[in-house]
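# Analysis of the macromolecular model
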Amino acid sequence: NGRTARMSEDGSVYLFKGDESNYELPNCDQITFKGDFSPLEPEWTTIYVSAGKKDKINKVDIVGFFCQKGNLVKDQLGLIAVLDKSSFVAVKSSKVRSLLFELRKHKIKGKTVRISIAR
């Protein structure tokens, strides 16, 4: 299987089974595609929070903070991973912009934390 293009460029993929000498490659002019092949927006976006277990933060604190201060409901939150010094929260992509705007004004458990989209 060999790819001949980068992510947003045109290209072809050929898959060979067995001996390559038995196959003739198709003419690319004969191949046409119907429909829109633009990438879909992801349903979830991961949010980084600069507080974790060592800061006495747990999943319940994060859910409460995001729901009360960020105006989210529970089904707009996904997986939450609380590490030693940071946390990661899956949030519906449609709510991320308004959530980040709201949360930057507030503290979690009396501590100012950095909240951003995880990279």
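Refer to the structure printed above.
Note that the structure is a prediction, hence the values are computed from the model and not measured. Along each chain, residues carry numbers from 1 onward, in the same order as the chain's sequence is written. Owing to the predicted nature of the model, reporting of local features is limited to residues with pLDDT of at least 70; listing and counting of side-chain atom pairs is limited to 80 or more, with chain, interface and lining totals taken over all residues. Think of the side-chain values as coming from all heavy atoms in the structure, minus any hydrogens and water.

## Let's talk about the pairing of strand β4 (residues 77–82)
Across 4 bridges, the pairing between β4 and strand β5 (residues 87–92) is antiparallel. The partner of Leu77 across the bridge, within β5, is Val91. Whether two strands pair depends on DSSP finding at least two bridges between them. A helix here means a DSSP run of H or I that spans at least four residues, while a strand means a run of E at least two residues long, and both kinds are numbered starting from the N terminus. Hairpin connection of β4 to β5: 4 residues between the antiparallel strands.

## A closer look at unusual backbone geometry
A positive phi angle is found at Lys56, which is not glycine, with a value near 65°. With respect to the element layout, Lys56 can be found in the loop between β3 (44–49) and α1 (59–68). For Lys56, a relative accessible area of 63% puts it in the exposed group. In this model, Lys109 sits at a positive phi of 55°, which is unusual for a non-glycine residue. By secondary structure assignment, the location of Lys109 is in the loop between α2 (96–103) and β6 (115–117). Any residue under 20% of the maximum accessible area for its type is buried, any over 50% is exposed, and the rest in between are partly exposed; the area is computed with a 1.4 Å probe on protein chains only.

## Quick notes on the side chain of Gln76
Relative to the elements of secondary structure, Gln76 occurs in the loop between α1 and β4. Note on Gln76: relative accessible area 15%, which makes it buried.

## Some remarks on the pattern of salt bridges
Salt bridges, as used here, are contacts in which a Lys or Arg side-chain nitrogen is within 4 Å of a carboxyl oxygen on Asp or Glu. Enumeration according to the criterion identifies 3 salt bridges in this entry. Note that Lys105 and Glu102 form a salt bridge whose closest N and O atoms lie 3.7 Å from each other. Taking relative accessible area as the criterion, Lys105 reaches 53% and is therefore assigned exposed.

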